[in-house]
Amino acid sequence: MKKIEHIGIAVKDLDASNEIFATLFGKQHYKIEAVESEGVKTSFFKLGPNKIELLQATSKDSPIAKFIEKKGEGVHHIAFAVSNIENEIERLKKEGFKLIHEVPKKGADNKRIAFLHPKSTNGVLIELCEEIKH
Ligand code: ZN
């Protein structure tokens, strides 16, 4: 793994949270993007080399809806940049980690992503992400 790519925060109301975080950071988000397959709408803020992703559920079955129901709003996941996501998935499987996605899927912000199961990482939901190169 190369570095922390972003930290994901689950929110109930993306518009309201965009305002809160824009005030906090002193700058606006640089994109809003829906990820249909995950049932989420996201926004991204850039702070130097780091990014913050806000996630709002767009359906009741969304993992974000379930997370907020159980734990309330707050830090949802930490995403790490990897250069080859297939290799990283294979490596982590061999090391005994449980993956939610064994095959990478299309994520927000031009990424291929896979989540690890938090049961194998001390309760922390970890996202692997590989930048899609054009
Ligand atoms: Zn993320």
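Just above, that's the structure.
Treat the numbers as computed from the prediction; the structure is a model and nothing was measured. (Residues numbered from 1 in each chain as written. Predicted model: local features only at pLDDT ≥ 70, side-chain atom pairs only at ≥ 80, totals over all residues. Heavy atoms only, no water.)

Chemist: Can you help me understand the sheet that holds strand E6 (residues 105–107) in this one?
Modeler: The strands that make up a sheet are held in pairs by hydrogen bonds between backbone atoms, and each pair lies either parallel or antiparallel. Taken in spatial order, the eight strands of this open sheet run E2-E3-E4-E1-E5-E8-E7-E6, and their pairing is mixed. Single-partner strands in this sheet number two, and they are strand E2 (31–35) and E6. On average, each strand axis in the sheet is tilted by 35 degrees relative to the strand beside it, whichever way the strands run. As defined by bridge partners, strand E7 (residues 111–116) adjoins strand E8 (residues 126–131) across six bridges and the pair is classed as antiparallel. Looking at E8, one finds that Ala114 is bridged to Leu128. Running at roughly 150 degrees to E8, helix H3 (residues 85–94) makes contact with E7 and E8 of the sheet. (Pairing = 2+ DSSP bridges. Helix = DSSP H or I, 4+ residues; strand = E, 2+ residues; numbered from the N terminus. Axes fitted to C-alpha atoms, helices over the stretch in contact; angles between N-to-C directions. Contact = heavy atoms within 4.5 Å.)

Chemist: Can you walk me through the pairing of strand E5 (residues 74–81) in this structure?
Modeler: Consecutive side chains along a regular strand alternate between the two faces of the sheet. Pairing of strand E1 (residues 3–10) with E5 involves seven bridges; the strand directions are antiparallel. Within the sheet, the bridge partner assigned to Gly8 lies in E5 and is His77. By the bridge criterion, four bridges tie E5 to E8 in an arrangement that is parallel. Among the inter-strand pairings, Ile78 is bridged to a residue of E8, identified as Ile126.

Chemist: Can you walk me through the pairing of E7 in this structure?
Modeler: With five of six residues buried, E7 is to be regarded as a mostly interior element. One ladder, built from three bridges, connects E6 with E7; its direction is antiparallel. In the strand pairing of E7, Lys106 is matched with Arg112. Where E6 folds back onto E7 in an antiparallel hairpin, the turn is made up of three residues, including Asp109, whose phi is positive at roughly 60 degrees. (Buried < 20%, exposed > 50% of the residue type's maximum accessible area, 1.4 Å probe, protein only.)

Chemist: Teacher, can you tell me more about the layout of surface pockets here?
Modeler: Summary: where empty space remains is shown by rolling a probe the size of a single water molecule over the atoms. Volume-wise, the largest pocket comes out at about 630 Å³. By residue number, the principal contributor to the lining of the largest pocket is helix H2 (residues 63–71), which donates six residues. In terms of residue class, the lining of the largest pocket is made up of 16 nonpolar, seven polar and seven charged. (1 Å grid on protein atoms, 1.4 Å probe; cavity = no way out; pocket = protein on both sides within 12 Å on 5 of 7 lines; lining within 4 Å. Points joined across faces, edges and corners; volume = space filled by probe spheres on them. Nonpolar A, V, L, I, M, F, W, Y, C, P; charged D, E, K, R; others polar.)

Chemist: Is there a simple way to think about the nonpolar core in this case?
Modeler: Core analysis: the biggest nonpolar cluster contains 10 residues, these being Phe80, Val82, Ile85, Ile89, Leu92, Leu99, Ala114, Leu116, Ile126 and Leu128. Among the elements of the structure, H3, E7 and E8 are those that each provide at least two residues to this core. Looking at this core element by element, the count peaks at three residues for H3. Residues within four places of Ala114 in sequence aside, it is in contact with Ile85, Ile89, His101, Ile126, Glu127 and Leu128. (Core = buried A, V, L, I, M, F, W, Y, C linked by side-chain atoms within 4.5 Å.)

Chemist: What exactly am I supposed to notice about the packing of aromatic side chains here?
Modeler: How two aromatic rings sit relative to each other is set out by the distance from centre to centre and by the angle between their planes. For the coordinates displayed, the defined rule picks out three aromatic pairs. Seen in terms of ring centroids, Phe25 and Phe45 are 5.3 Å apart; in terms of plane orientation they differ by 70 degrees. Their pairing is edge-to-face. On the criterion of sequence distance, the pair formed by Phe25 in helix H1 (residues 14–25) and Phe45 in strand E3 (residues 40–47) is long-range, its members being 20 residues apart. Here the aromatic residues Phe21, Phe25 and Phe45 are joined through ring pairs into a cluster of three or more. Its end group placed over the ring of Tyr30, Lys46 keeps NZ or CZ at 4.9 Å from the ring centre. (Phe/Tyr/Trp six-rings, centres within 6.5 Å; stacked < 30°, edge-to-face > 60°. Lys NZ or Arg CZ within 6 Å of the ring centre and 35° of its normal.)

Chemist: What's the story with the environment of Tyr30 in this structure? I'm lost.
Modeler: Checked against the element boundaries, Tyr30 lands in the loop between H1 and E2. Distance in space between the C-alpha atoms of Tyr30 and Lys70 is 29 Å, their sequence separation being 40 residues. What Tyr30 contacts, discounting residues up to four positions off in sequence, is Phe44, Phe45, Lys46, Lys51 and Asp109. Side-chain polar atoms of Tyr30 contact the side chain of Asp109, separated by 3.1 Å. (Polar contact = N/O pair within 3.5 Å; in protein donor to acceptor, adjacent residues only side chain to side chain.)

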